[in-house]
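Understanding the architecture of this molecule
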Amino acid sequence: MTLIPPFGRDGLLPPGDYEVTFPELRSSNLVLGPGEPRAFPHWDAAWRLRLVDNLELLVRQLWQVGITEVFADGSFVEDKDHPNDIDGYFVCD
């Protein structure tokens, strides 16, 4: 089962929310790349992994204060080789 689907022809994920754990995110196409590494020689998996590590630090802090709905977005969820960052938002009262 693919938790995060492949990118569409437009370089975007299909619309929707995808609930994943951090280990699942780290092993997904968002970090490892959309296909065979030779076909995507500029895909910066190391940078994307660093972004996920930083996201996890922030999310764990949010969990400590009771915020459980956290969403990652922006160029990180596109087929961009080297996104600048991960955009995101969370739901709180």
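The final tally for this structure, using the stated rule, is four salt bridges. Here R26 ties to D53 by a salt bridge, and the two come within 2.9 Å at their closest N and O atoms. Placement of the pair is R26 in helix α1 (residues 22-26) and D53 in helix α3 (residues 45-64), with a sequence separation of 27 residues. Among the residues examined, R26 registers a relative accessible area of 22% and is labelled partly exposed. Taking the relative accessible area as the measure of exposure, D53 reaches 33% and is therefore partly exposed. Put simply, R38 and E36 hold a salt bridge, and the shortest N to O gap is 3.9 Å. Given the relative accessible area of 73%, R38 is considered exposed.

Right, let's talk about α3 for a bit. The end-to-end C-alpha distance of α3, which contains 20 residues, comes to 29 Å, matching closely the 28 Å that a straight helix rising 1.5 Å per residue would cover. Check the buried side of α3 and you find it contacts α1, α2 (29-32), β1 (69-73) and β2 (87-91). Positive backbone phi, at 90°, marks G66, one or two positions downstream of α3.

Tallied over the full model, the rule gives three aromatic pairs. Taking 4.7 Å as the distance between ring centres and 15° as the angle between the ring planes, the aromatic pair formed by F71 and Y89 counts as stacked. With F71 in strand β1 and Y89 in strand β2, the pair connects residues that are 18 residues apart, well separated along the chain. For F71, a relative accessible area of 22% translates into the label partly exposed. The partly exposed category is assigned to Y89, whose relative accessible area is 44%.

The rules behind each value
Residues numbered from 1 in each chain as written. Predicted model: local features only at pLDDT ≥ 70, side-chain atom pairs only at ≥ 80, totals over all residues. Heavy atoms only, no water. Salt bridge = Lys/Arg side-chain N within 4 Å of Asp/Glu carboxyl O. Helix = DSSP H or I, 4+ residues; strand = E, 2+ residues; numbered from the N terminus. Buried < 20%, exposed > 50% of the residue type's maximum accessible area, 1.4 Å probe, protein only. Expected span 1.5 Å × (residues − 1). Contact = heavy atoms within 4.5 Å. Phe/Tyr/Trp six-rings, centres within 6.5 Å; stacked < 30°, edge-to-face > 60°.

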